[in-house]
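# Fold and geometry: a report
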Amino acid sequence: MSAAAVPAAERLGWFTDVIAQELVSTAIRSERVRDFWAEASVLDLGGVQVSSFEFSSLRSLRTAAHVRRSDPEQYQLGLVTHGAMSLAQNRNESGLFTGDMVLWDTSLPMESHAVPDVDGGRVRAIVLSFPRDAMPLRGARVERLLAHRIAGGHGMGAILAQYMQSLAAHAADCGPVELNRLGTVAHDLVGACLAGQLGAQDDLSPEARTRALLERIEAFITHNLGDPQLSPSAVAARHGISLRHLQQLFRDRGETVAAGIRQRRLERCRADLADPGLLADPVHAVARRWGFTNPSVFSRTFREAYGASPTEFRQWAVREALARKINEPCAPGTSRGAVPP
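Source: prediction; values computed, not measured. (Residues numbered from 1 in each chain as written. Predicted model: local features only at pLDDT ≥ 70, side-chain atom pairs only at ≥ 80, totals over all residues. Heavy atoms only, no water.)

To continue, consider unusual backbone geometry. The phi torsion at Arg 91 lies on the positive side, around 65 degrees, for a residue other than glycine. Residue position: Arg 91 is located in the loop between strand S6 (84-89) and strand S7 (92-93). Taking relative accessible area as the criterion, Arg 91 reaches 81% and is therefore assigned exposed. (Helix = DSSP H or I, 4+ residues; strand = E, 2+ residues; numbered from the N terminus. Buried < 20%, exposed > 50% of the residue type's maximum accessible area, 1.4 Å probe, protein only.)

What follows is the structure, encoded as structure tokens:
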């Protein structure tokens, strides 16, 4: 959904209606009424909704009257990726933040303020919405977190923030079954993140704790693929579990820990070898970048996975990439090889 098709004078009203339909009814005002801009996308994940918004600076007020007229009875968690936002609710005030998250309850009045990071820019935010009664934590505990900043740069908060951004960018390409699974993981990660903020991890179900643990393990592996010392034993030790427990977690998903690490490393190498911008990097340097220290072992492993040596694959992939670039349509008013003004 985009304001592009809406007359400029009506865009703020249009966005107010979108927010009322997809999140909550609220009064919105902006000093940029004449050139207000907004875009929105919404995806249902089976009990969880992920919404992405881009908009000009604004102030929003949800009053008790708004709550009485319409209340989806949800918790909503917002992540600001560009610009800054503040939110006040339940006598708490987040202060302006970016890169972090904040939780609110649709059954309570609230006030928010969003500003771009540069004059004339826009704010970008991702919101997860889920039923309040589906939260595994008691309401009185969750109230303590309303309008408090949840750091998105480290720990479980970082994992949740990265997951929200991945949902916003890629979930639309998934089928119904995958979307439901993604929604389950999102719900578990929110529960684990909030429980960690409250020191209430024991309130989560064993299944939710297991799924959240797997997401932490996946994030740790992804972040450390370039470390040649990354091994199943190192992963288990980092997460305070036995190697046998770790192996069982992966076995339940149909793979071994070592094979999972190796496959992720191969995928990163394959992507780098296919990138024409990285042609100056020798094959062995690409391999070492992603944790392969023995060139011959890497070459053999790569061939087994992709049916070609790393050098053969790079030659083919770069040739294909350059051919696609040559065949791209020219911009209007330019000729092949010319640089558009």
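Right, let's talk about helix H6 (residues 206-223) for a bit. Since the α-helix turns once every 3.6 residues, residues separated by three or four places project in the same direction. Between its terminal C-alpha atoms H6 stretches 26 Å, which fits the 26 Å expected from 18 residues at 1.5 Å a residue. Looking only at H6, the buried set comprises Ala 208, Ala 212, Leu 213, Leu 214, Ile 217, Glu 218, Phe 220 and Ile 221. (Expected span 1.5 Å × (residues − 1).)

So, on to helix H8 (residues 243-251). Taken together, the buried positions of H8 are occupied by Leu 246, Leu 249 and Phe 250. With its buried residues spanning 95 degrees around the axis, H8 presents them on a single face. The inward-facing, buried residues of H8 abut H6, helix H7 (232-238) and helix H9 (257-273). (Arc of directions from axis to C-beta. Contact = heavy atoms within 4.5 Å.)

This part takes up the pairing of strand S9 (residues 110-115). In the case of a regular strand, side chains alternate between the two sheet surfaces. Only one face of S9 is buried: it carries Met 110, Ser 112 and Ala 114, and the other face, with Glu 111, His 113 and Val 115, is open. Relative to S9, strand S4 (residues 58-62) runs antiparallel, the two being bridged by 5 bridges. By the bridge assignment for S9, Arg 62 is matched with Met 110. Pairing between S6 and S9: 6 bridges, direction antiparallel. Looking across to S9, one finds that Gln 89 is bridged to Met 110. (Pairing = 2+ DSSP bridges.)

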